[in-house]
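Coordinates in review
Each chain is listed here by its residues.
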Amino acid sequence: MVTLAGVVLGRVYAGSLLPVLMAGAAVGSVLISVAMRRLPSWLVAPVSVLAMGSWTAWCLWRAAATAQLPGGFAEVAGDAARNAIPRLLTAMIPVEPTPDTILLPLVAAWLAGLAGAEVAVRAGRVLLGYLPPVLLYVGALYVVGPNTEPAIGQTVVLVAVAALGLAVSGRPVGGDPVDGLVPAVRSGVRVRLAVASTAGTALVVALAAVLGPAVAALVDTRPVDPRRYVEPPQVQTLDESPLIRISGWALNPDQQLFQVATDRPGGSGPASAAADPVADGGGVRVRLAVLSDYDGVTWRVGATYRNAGRILPAAEPLAHARVETVRQEITVGELSGRLLPAVPTPREVSGARVAYDVDTGTLLRPDGLTPGLRYTVTSAREHPDVNLLATANTPAGDEVARVLHVADGVPDQLRRLAAQLAEENGAPYARAAAIEQWLAEHYRLVADAPSGHAYPNLEFFLFGPPAGGGQRGTSEQFAASFAVLGRLAGLPTRVVVGFAAPGSGPVRAADAYAWPEVLFEGLGWVSFDPLPRPDDEPRPVAEDFRPQPEDPPPSEQPEPTLEPSASPPPLAGPAGRAESGGVPTPVLVGGAGGGLMLVVVALLAALAGLRRAQSRGRLYRGDPGHRIAGAWRELTDALRLAGWPVAADLSATEVAERARHALTAATCRGTPPPPSPRPPRCRCRCRCRRCRCRCRRCRCRCRRCR
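As a starting point, this report considers the structure included with it. (Residues numbered from 1 in each chain as written. Predicted model: local features only at pLDDT ≥ 70, side-chain atom pairs only at ≥ 80, totals over all residues. Heavy atoms only, no water.)

Some remarks on the overall build of the chain
Each helix and strand in the chain was counted, giving 21 helices and 17 strands. By residue count, 38% of the 706 residues in the chain fall in the buried class. Within the chain, contacts between residues at least 6 apart in sequence are counted, and of these 75% link residues at least 24 apart. Carbon and sulfur atoms provide 60% of the accessible area of the chain, an area that totals close to 39500 Å². (Helix = DSSP H or I, 4+ residues; strand = E, 2+ residues; numbered from the N terminus. Buried < 20%, exposed > 50% of the residue type's maximum accessible area, 1.4 Å probe, protein only. Contact = heavy atoms within 4.5 Å. Areas by Shrake-Rupley, 256 points an atom, 1.4 Å probe, with all protein chains shown as cover.)

Below, the structure is given as structure tokens:
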């Protein structure tokens with residue numbers, strides 16, 4: 001039964017080492033209790049505990065050797081004893097059998113075997129002796145949780161073994177003990193046994209009838225995962241947003257962060273792969289962190305790291321990509337924090353205990369980086385096929401909502417620039433390439449630009465006056481601007497911080513930079529390089545950016561003149577009409593007004609007819625795709641005519657929510673009017689900033705409110 005618990009727990013472990021070691025613990029503990037059953041009971045526990053220590057030490061040594069962990073045995077065993085429980089519950093599945101992940105199951109298996117054997121063999125309480133292994137089995141099921149298939153076969157075997165043990169231990173040795181009694185006593189004992197058996201059977205049947213439906217209803221319920229109660233390894237504040245460290249590294253370019261020695265055994269896949277400017281120059285792009293979350297102020301890592309062993313889980317390779325195996329030996333210098341630099345995507349790490357995030361493929365050392373730390377990483381580097389990028393689509397839905405999210409408070413100029421670039425380029429890759437080209441042609445890369453990538457910083461970088469420090473920045477501003485403009489244009493983007501490392505040699509602070517990536521269906525994350533070339537002179541932004549036209553000033557009525565005219569006015573009355581000899585004034589005014597009214601009515605009727613014909617043509621003519629597009633244009637036209645214009649970057653769900661607000665505004669007097677196209681002038685008394693409401697009419701942009 002203890003061995004079956006090890007088999008159940010081993011389903012979330014890599015390989016078969018853990019079930020074998022737990023089976024050895026079960027056999028050893030039970031055999032020691034059976035062999036010493038005739039000795040005093042106080043001798044069994046010390047002898048069994050000593051044997052458990054010997055077996056556990058050998059198992060820890062075997063696991064450390066298999067995982068190739070650095071350090072001596074005493075250091076590894078002490079670390080496993082201190083961190084056995086948290087690392088077991090925060091380890092990545094499949095869990096690699098390392099000393100800290102096998103220590104707790106081994107000790108629990110030995111103690112369960114010892115307790116169960118002592119109670120069942122020495123005390124003769126077989127049913128009570130089943131309690132420790134059953135509790136161990138239930139604990140194994142709880143630790144496994146929803147991370148694998150239900151253990152139906154193992155549970156059936158456990159019940160069968162328990163029933164066999166009860167049948168064997170309950171068989172009488174010297175015949176039926178009731179036969180030796182007096183006939184009168186014998187009949188009474190048999191009656192009592194029959195009554196007790198009947199009552200017990202009825203109780204079991206009643207409990208099965210009452211509890212059976214409730215237990216059966218829980219079969220399809222997802223089990224509780226205990227890992228959600230344990231906090232996984234976290235990054236330090238320094239590593240939460242490594243993007244802000246680029247400016248500091250740029251000011252100290254000679255600082256040696258680490259050394260790398262790269263070996264490229266070879267690759268496989270299509271030969272036509274996306275070009276990497278770093279790799280083309282003989283170097284390699286080393287990734288430090290991936291930043292997927294943006295709140296309008298800071299790009300953050302937002303990764304969930306799980307303790308991992310030497311072998312990291314491998315994702316499904318891309319169908320249209322060339323896979324290159326890159327082996328790096330990295331020696332840490334003055335690089336601080338917990339994030340480990342490595343070529344994406346790592347598959348094997350030796351020389352350091354790491355935690356791994358599957359979604360981003362980044363590494364973390366929970367103990368932090370120390371000078372002289374040396375580790376080896378083997379990565380599977382994927383190069384997407386550039387021939388498929390032009391027609392590739394970008395994914396949508398809840399799975400990528402995180403990398404499509406745009407925080408509130410986007411400046412209007414950023415929205416207009418993103419709309420302009422998206423309007424001129426339809427395909428996703430064309431939009432990304434247009435943003436990349438725009439940033440590379442209009443802005444200057446400098447090393448002394450101040451750090452910052454919040455909305456005001458990006459607005460100043462993109463549209464600020466060059467004489468005042470605008471339109472110049474580090475790779476921080478280039479990558480952040482690309483990612484924000486890409487999300488406004490409907491592209492799933494993220495920012496990556498890393499290094500342009502040589503093939504072998506030191507990596508200095510001047511090699512650190514950031515680059516954006518865009519997610520394409522079937523091709524994965526594709527990196528872009530919006531940095532300008534060193535010799536290119538940036539083109540002024542005003543030449544290509546179409547700013548929003550200013551509202552014309554209100555027209556002024558001319559003041560009436562007080563000077564007398566040269567000729568007197570015509571006489572009123574019949575004499576004046578007789579002298580002029582023309583048409584009477586009332587008749588002239590009435591005829592002109594009536595004709596103008598007829599022209600206006602005819603024009604309105606023609607417009608109504610054209611509008612109706614346009615609506616019918618949009619909704620009832622053409623193929624289904626044409627009619628769906630026509631219905632979308634009808635909806636946006638109706639919202640614009642109702643005073644609720646729709647921006648080009650809004651999704652269908654957001655447009656539907658805006659239409660609901662428009663209908664509510666038409667039926668409810670208490671609904672606020674639609675937002676004005678231009679915010680009012682700043683009076684520094686904006687109540688919307690105080691009450692935190694979502695009203696966009698009072699978006700103050702002065703220095704004080706910013």
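Brief notes about helix α7 (residues 131-144)
Structural remark: α-helix, 3.6 residues per turn; residues separated by three or four positions point the same way. Here α7 spans 20 Å end to end across 14 residues, near enough to the 20 Å set by a 1.5 Å rise per residue. P132, P133, L136, Y137, A140, V143 and V144 are the residues of α7 that are buried. Within α7, the buried residues cover an arc of 140 degrees as seen down the axis, which keeps them to one side. Buried residues in α7 make contact with α1 (2-9), α5 (99-122), α6 (126-129) and α8 (152-169). (Expected span 1.5 Å × (residues − 1). Arc of directions from axis to C-beta.)

Considerations on the sheet that holds strand β9 (residues 354-357)
One open sheet holds the four strands; their spatial order is β5-β9-β10-β7, and the pairing between them is antiparallel. The open sheet has two edge strands with one neighbour each: β5 (306-308) and β7 (339-340). The pairing of β7 with strand β10 (residues 362-364) spans two bridges and is classified as antiparallel. Within the sheet, the bridge partner assigned to L340 lies in β10 and is L363. (Pairing = 2+ DSSP bridges.)

Concerning the packing of helix α2 (residues 17-35) against helix α3 (residues 41-67)
Taken N-terminus to C-terminus, the directions of α2 and α3 make an angle of 165 degrees; their axes are 10 Å apart at the nearest point. The pairing of α2 with α3 is recorded here as roughly antiparallel in orientation. Judged by the sense of rotation from one axis to the other, the crossing of α2 with α3 is right-handed. Note on element contacts: α3 touches α2 through V44, V47, S48, A51, W55, W58, C59, R62, A63 and T66, opposite L17, L21, G24, A25, I32 and S33. By residue class, the composition of the contact of α2 with α3 is 11 nonpolar, four polar and one charged. (Axes fitted to C-alpha atoms, helices over the stretch in contact; angles between N-to-C directions. Parallel < 35°, antiparallel > 145°, perpendicular 65-115°, else oblique. Left-handed = near helix turned anticlockwise from the far one by under 90°. Nonpolar A, V, L, I, M, F, W, Y, C, P; charged D, E, K, R; others polar.)

Considerations on the sheet that holds strand β14 (residues 493-501)
Ordered in space as β2-β14-β16-β17, the four strands form an open sheet in which the pairing is antiparallel. Only two strands of the sheet have a single partner each, and these edge strands are β2 (284-291) and β17 (524-527). Direction aside, neighbouring strands of the sheet carry axes that sit 40 degrees apart on average. Bridging between β14 and strand β16 (residues 512-520) involves seven bridges; their strand directions are antiparallel. Opposite G498, over in β16, you have Y513 as the bridge partner. Those strands touched by helix α16 (residues 475-488) are β14 and β16, and its axis lies near 15 degrees from that of β16.

Things to note about the pairing of β14
If a strand is regular, its side chains alternate between the two faces of the sheet. Along β14, eight of the nine residues are buried, which leaves the element largely enclosed by surrounding structure. Pairing of β2 with β14, which is carried by seven bridges, proceeds in the antiparallel orientation. Pairing of L291 across the sheet is with V495, part of β14.

So, the packing of aromatic side chains
In total, this model carries 11 aromatic pairs according to the counting rule given. Aromatic pair W249 and F499: ring centres 5.7 Å apart, planes at 45 degrees, arrangement tilted. Placement of the pair is W249 in helix α11 (residues 245-251) and F499 in strand β14, with a sequence separation of 250 residues. Relative to W299, the ring of Y294 lies with its centre 4.7 Å away and its plane at 20 degrees, an arrangement referred to as stacked. Chaining the aromatic ring pairs together yields one cluster made of Y429, F482, F520 and F528. The positively charged end of R494 is found above the aromatic ring belonging to W525, 4.0 Å away from the centroid. (Phe/Tyr/Trp six-rings, centres within 6.5 Å; stacked < 30°, edge-to-face > 60°. Lys NZ or Arg CZ within 6 Å of the ring centre and 35° of its normal.)

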